[in-house]
Amino acid sequence: MKNKGFIVFLTILISLLCIYYLSFTYISQNIQKEATEVTASEDGSVDVTEKQRYLDSIWNEPVYNLFGIDYTYKEIKETELNLGLDLQGGMHVTLEVSPIDIIKGLSGNSTDPDFTAALEQAKQNVRGTQLNFVDEFYSEFKESAPDKELAQIFATAANRGRISLQSTDAEILDIIDTEVESAIDRSFNILRTRIDRFGTSQPNIQRLQGTGRIQIELPGVDNPQRVRKLLQGVAKLEFWEVYQQQEVSQVLISINSLIVQEMKKNPSTASESEEDQQMKDDITALLSGDDADSLSTQEGDSTKKEALDSLINTRQSPLFDLLVNAPQYGGLIYNVKDTAQINRILERDDVQAIIPATMKFLWDVQPKDKGDDLTGPDLLELYPIKTNRNGKASLTGETISTATASLNERAEPEVSMQMNASGSRTWAKMTRENVGERIAIVLDNYVFSAPWVRGEIPNGSSSISGGFETIEQAKDLANILKAGSLPAPTTIVEDVVVGPTLGKVAQDQGLNSIMVGLIIVIIFMVVYYAKGGLIANLALFFNVFFIMGILAQFGTSLTLPGIAGIVLTIGMAIDANVLIFERIKEELRNGAGLKAAISSGYSKAYWSIFDANVTTLIVGFILFTLGQGPVKGFAITLMIGIVCSFFSAVFITRVIVEAFSKKGDNAKISFANAFSRNALTNLNFNFLSKRKLAYTFSSIFIAIGIVALITKGITLGVDFKGGRSYVITFDEAKSPTEIKTSLSNYFENAGTEVKTFGADNILKITTSYKIDDESDEADMQVRKELINGLAETTGLTYIEDGSQLAEGNFTISSSSKVSATIADDIKNSSYESGIIALICIFIYIVFRFRKWQFGLGAIIALFHDTLFVLSAFAIANVAGISFEADQVFVAAILTIIGYSINDTVVVFDRIRENMGIKSGSELIPVFNESLNNTVSRTFITSITTLIVVIVLFLFGGAVLQGFSFALLVGIIVGTYSSIFIATPIVIDLNKKKSE
């Protein structure tokens with residue numbers, strides 16, 4: 001083997017990188033454990049608020065030193081291996097920006113009957129579809145008023161300069177489309193700012209391009225209602241005057257004096273006021289000598305005295321002591337890590353009494369630029385804001401007509417804004433009275449910009465320049481300024497909440513699946529392949545280790561379907577080594593020497609492994625591109641697993657095997673035990689003679705399945721049909737039938753399904769009650785009816801915190817809401833995934849094997865496998881065994897396609913090899929010989945993969961039961977179809993054949 005040194009170097013390099021990135025996960029878990037221990041009470045319970053406060057206090061503090069480099073807790077959290085919501089609990093929300101309100105706002109809230117009727121009809125038309133709302137609105141408008149122009153509706157005073165009575169419908173539609181896009185961008189920026197300030201670790205927000213939707217994930221949140229309120233609250237844009245520094249100095253001195261006097265009186269005891277506990281702890285540390293960094297000098301007590309003097313005798317409380325000396329900025333500048341301490345001071349009741357009623361303090365929305373010193377701390381400015389007695393801003397965002405970002409005559413980014421008549425009058429007064437001072441532009445109580453006023457602005461037309469590094473920053477501010485100009489409320493169209501208790505259970509089940517699957521496969525490989533099996537197991541270790549490390553390196557979340565992907569990869573990764581070892585055994589049986597057999601075995605197996613992995617990689621890529629939510633997590637893990645398994649099984653094992661075989665035939669390495677050396681060899685079974693029997697069996701089974709699908713169907717999850725779903729945990733086992741009967745009275749006879757979910761005391765309840773009402777009020781009403789119905793039926797009391805579940809209680813462990821529109825999108829993307837996967841695989845097979853018959857045979861077999869699995873689900877449903885089909889089920893179907901084509905490609909590859917050797921021979925004998933040659937590999941691979949899938953089915957938990965059942969059926973039928981369907985079809989499509 002060439003390039004052994006490079007393979008060794010690459011393995012060491014990847015291993016070191018994986019250790020590096022996974023070390024952050026280890027440190028993070030230790031910090032979490034420490035936070036739990038510090039905040040735990042005597043009875044062992046943990047105050048979640050106190051724990052979060054502790055973690056916040058070290059957020060920007062160095063907590064890990066690696067090779068002389070300090071990493072803050074924030075940097076560790078950004079680098080650790082993330083856990084998905086299903087493994088740690090949290091919330092997943094998809095919001096949709098309402099185009100109706102945007103169009104109404106652009107029309108000046110026109111009451112024209114044709115206009116309002118067109119909007120309402122368009123709303124009905126797009127429900128549950130992917131139709132474009134603006135196109136539907138225009139179509140309905142022209143149908144109801146063919147002679148009316150849009151200009152009659154949209155040529156308002158607010159749109160002067162953009163829309164006139166001479167504007168064409170096409171021009172106005174372009175403006176509407178632009179406004180809808182702008183509103184989505186605006187909502188995204190506002191939500192991103194709110195999420196960043198929410199206080200959860202590793203929040204994720206992304207805009208789903210082309211859909212008008214924004215997707216948000218918040219791991220670990222424990223107050224979903226607060227999140228919903230935060231996400232759907234109307235943006236509050238305000239303009240406030242800013243005090244000059246000399247105007248607030250006396251207030252700050254008074255606050256400082258109050259804190260210092262308190263420090264002098266009682267510096268070493270805990271304060272009755274919880275807010276300044278941290279400050280007192282600093283003083284206590286100085287007095288007690290706990291602060292090693294400050295007191296590690298020979299002077300001892302004198303050092304303590306000097307340190308204490310610096311804090312007390314110089315009359316510097318944290319309010320002044322933590323101020324950053326940053327002359328390039330004006331005002332009160334603090335290090336980001338110190339803002340929590342400053343907030344605690346400003347929120348104290350006695351401090352609030354000192355601050356005048358006409359003053360409040362607001363922070364910058366984001367850290368200031370560090371300039372050339374990129375290694376310096378992140379700095380935030382604290383603005384002293386002038387308020388009035390009623391606390392309402394004189395000028396708000398509703399007065400802004402337009403705001404645009406552009407480059408001025410000096411090629412500097414600037415923002416231009418225009419106000420309406422009332423806003424112009426107020427703006428003129430504010431700018432006239434504040435020449436030479438600043439006015440803060442505030443959104444949701446954070447300062448986005450505080451420009452200096454150069455002179456009075458009488459006409460409401462203003463420009464803001466300076467302070468923008470890029471045009472993108474100017475565009476962000478322009479979007480913020482437009483936040484109040486057009487209403488763009490958001491609707492939650494998908495809402496998934498996973499409780500931490502359920503997440504922990506899922507985490508344990510997933511880890512159990514991995515461990516049990518690994519152990520069984522490891523034992524099997526050693527028993528069947530002797531020392532070769534040990535080498536394969538070493539490659540398997542590298543494979544799993546690389547997957548985890550790369551997931552951490554890419555910042556990808558590990559989800560429950562992701563764990564399923566790892567479990568599946570464990571089984572499929574063995575396939576490459578099985579191929580290689582079976583080839584080596586074959587060469588040894590044919591009389592080749594050990595070194596020659598190893599070289600030939602790896603060479604002959606290489607392209608089979610390559611083709612098999614590429615076809616599965618195609619499926620993974622399609623899943624990643626078109627899939628949503630948990631499917632993406634599965635796809636990422638699957639693709640990484642395929643690449644890692646190829647590298648470890650083909651290259652790492654070869655380096656090890658060749659190192660053990662240096663002595664040639666005398667080397668102490670073997671690839672079989674006595675019983676496995678000749679197992680499944682010298683077979684001469686006429687597989688193709690049974691093809692008509694196989695066709696008949698498959699046709700009958702699929703026909704029965706289709707009848708079952710038509711009459712009974714399969715249980716669709718809310719992903720595919722829309723609705724609301726809840727996982728309820730009781731203190732003891734409950735009857736699903738009894739619960740379903742009682743809930744029918746509360747849900748007004750809407751379709752409701754109740755079934756056990758992994759345990760007798762856990763039920764999953766899915767209902768279509770109020771499925772067409774996506775409002776918050778409907779969500780609350782359905783939840784209320786559910787809780788009332790369960791409480792009355794069971795006599796139990798509902799509790800919010802699932803971790804406190806005790807006798808006499810029940811709780812909602814997780815919930816999910818999917819609108820009809822989202823469900824429609826998921827169904828369409830599922831169809832697209834399947835069709836595109838089949839087309840891509842067909843193209844690849846034809847390209848690799850140069851015959852269309854191979855490609856068509858493979859595709860027909862894949863259709864067969866898909867229909868077989870669907871039929872199995874339908875027949876199981878008729879038999880009373882119900883498995884839910886959801887997004888993860890789609891991942892299972894596509895994985896079966898990948899697995900089945902993997903198996904088929906190996907058979908086709910041997911057929912191609914034998915056809916080359918026996919050119920001109922009749923096809924059927926060559927095909928039969930090839931099937932007999934590969935049956936040992938097919939059997940071993942199926943066994944190892946089935947082992948891990950059975951483990952997944954038994955231990956993976958209720959969430960993955962449908963997934964693992966589909967895989968269980970799919971692997972069996974995939975192995976069967978590659979032998980009895982795909983290969984025979986290639987024969988039947990060829991003219992040259994012989995029985």
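Residues numbered from 1 in each chain as written. Predicted model: local features only at pLDDT ≥ 70, side-chain atom pairs only at ≥ 80, totals over all residues. Heavy atoms only, no water.

This part is about the overall build of the protein chain. A count of helical and extended segments in the protein chain gives 32 helices and 23 strands. Going through the 995 residues of the protein chain one by one, you find that 52% of them count as buried. Sequence-distant contacts, at least 24 apart, represent 73% of the contacts inside the protein chain between residues at least 6 apart. Entry remark: accessible area of the protein chain is about 44400 Å², with carbon and sulfur atoms responsible for 55%. (Helix = DSSP H or I, 4+ residues; strand = E, 2+ residues; numbered from the N terminus. Buried < 20%, exposed > 50% of the residue type's maximum accessible area, 1.4 Å probe, protein only. Contact = heavy atoms within 4.5 Å. Areas by Shrake-Rupley, 256 points an atom, 1.4 Å probe, with all protein chains shown as cover.)

Side chains of Met515, Ile519, Ile523, Val527 and Phe675 sit close together on the surface and give an oily, nonpolar patch of about 500 Å² of accessible area. You can call methionine 515 partly exposed: its relative accessible area is 48%. (Patch = residues over 30% accessible without salt bridge, like charges linked within 9 Å, V, L, I, M, F, W, Y side chains within 5 Å. Salt bridge = Lys/Arg side-chain N within 4 Å of Asp/Glu carboxyl O.)

Looking now at the sheet that holds strand S10 (residues 379-386). In space, the three strands of this open sheet follow the order S8-S10-S9, with antiparallel pairing throughout. Edge positions in the sheet fall to strand S8 (332-335) and strand S9 (359-363), since each of these pairs with one other strand and no more. If you compare each strand with its neighbour and ignore which way they point, the axes differ by 30 degrees on average. By the bridge criterion, five bridges tie S9 to S10 in an arrangement that is antiparallel. Opposite methionine 359, over in S10, you have lysine 386 as the bridge partner. Contacts from helix H16 (residues 339-346) reach S8, S9 and S10, with the element oriented near 165 degrees to S9. (Pairing = 2+ DSSP bridges. Axes fitted to C-alpha atoms, helices over the stretch in contact; angles between N-to-C directions.)

Taken together, the side chains of Asp135, Glu171, Asp174 and Asp177 make up a negatively charged region of the molecular surface. When residues in the negative patch are grouped by element, the largest group, three residues, is from helix H9 (residues 169-196). Locating aspartate 174 in the fold gives a position in helix H9. (Lys, Arg positive; Asp, Glu negative; His and termini not counted. Charge placed at Lys NZ, Arg CZ, Asp CG, Glu CD.)

With that settled, the discussion passes to the sheet that holds strand S11 (residues 395-396). Sheet architecture is open: four strands sit in the order S11-S7-S14-S15, paired in antiparallel fashion. Strands with a single pairing partner mark the edges of an open sheet, and in this sheet they are S11 and strand S15 (446-449). Where strand S7 (residues 237-241) and strand S14 (residues 439-443) come together, five bridges link them in antiparallel fashion. Of the residues in S14, the one forming a bridge with leucine 237 is leucine 443.

Attention now goes to the confidence of the model for the protein chain. A low pLDDT means the predicted coordinates there should not be read in detail. Taken residue by residue, the protein chain gives an average pLDDT of 78. The fraction at 70 or more is 84%. Of all the helices and strands in the protein chain, helix H13 (residues 292-295) carries the lowest mean pLDDT, 32, while helix H24 (residues 691-711) carries the highest, 92. Segment residues 307-314: pLDDT under 50, and 16 contacts once partners within four positions in sequence are set aside and those in other chains are kept. A low-confidence stretch, residues 370-375 (pLDDT under 50), is modelled with four contacts involving residues beyond four sequence positions or located in other chains. (pLDDT = per-residue confidence, 0-100.)

Most of strand S21 (residues 762-767) is tucked away, with six of its six residues classed as buried. The side-chain alternation of S21 yields two buried faces, one formed by Ile762, Lys764 and Thr766 and the other by Leu763, Ile765 and Thr767. As paired strands, strand S20 (residues 752-756) and S21 are joined by five bridges and run antiparallel to one another. Across the sheet, the residue bridging to threonine 752 is threonine 767, located in S21.

Within the element layout of this structure, glutamate 437 appears in the loop between helix H18 (421-433) and S14. The class of glutamate 437 is buried, set by a relative accessible area of 15%. Not counting residues up to four positions away in its chain, the partners in contact with glutamate 437 are Val242, Gln244, Lys386, Pro451, Trp452 and Val453.

Moving on, we come to the layout of surface pockets. Roughly 720 Å³ of internal volume is contained in the second largest pocket. Taken together, 31 residues line the second largest pocket, and the ones lying closest to its centre are Arg162, Glu179, Ser401, Thr402 and Ala403. Breaking the lining of the second largest pocket down by element, the ones donating at least two residues are helix H5 (99-106), H9, strand S12 (400-407), strand S13 (413-419) and helix H19 (471-481). Here the lining of the second largest pocket takes six residues from S12, the largest share from any one element. (1 Å grid on protein atoms, 1.4 Å probe; cavity = no way out; pocket = protein on both sides within 12 Å on 5 of 7 lines; lining within 4 Å. Points joined across faces, edges and corners; volume = space filled by probe spheres on them.)

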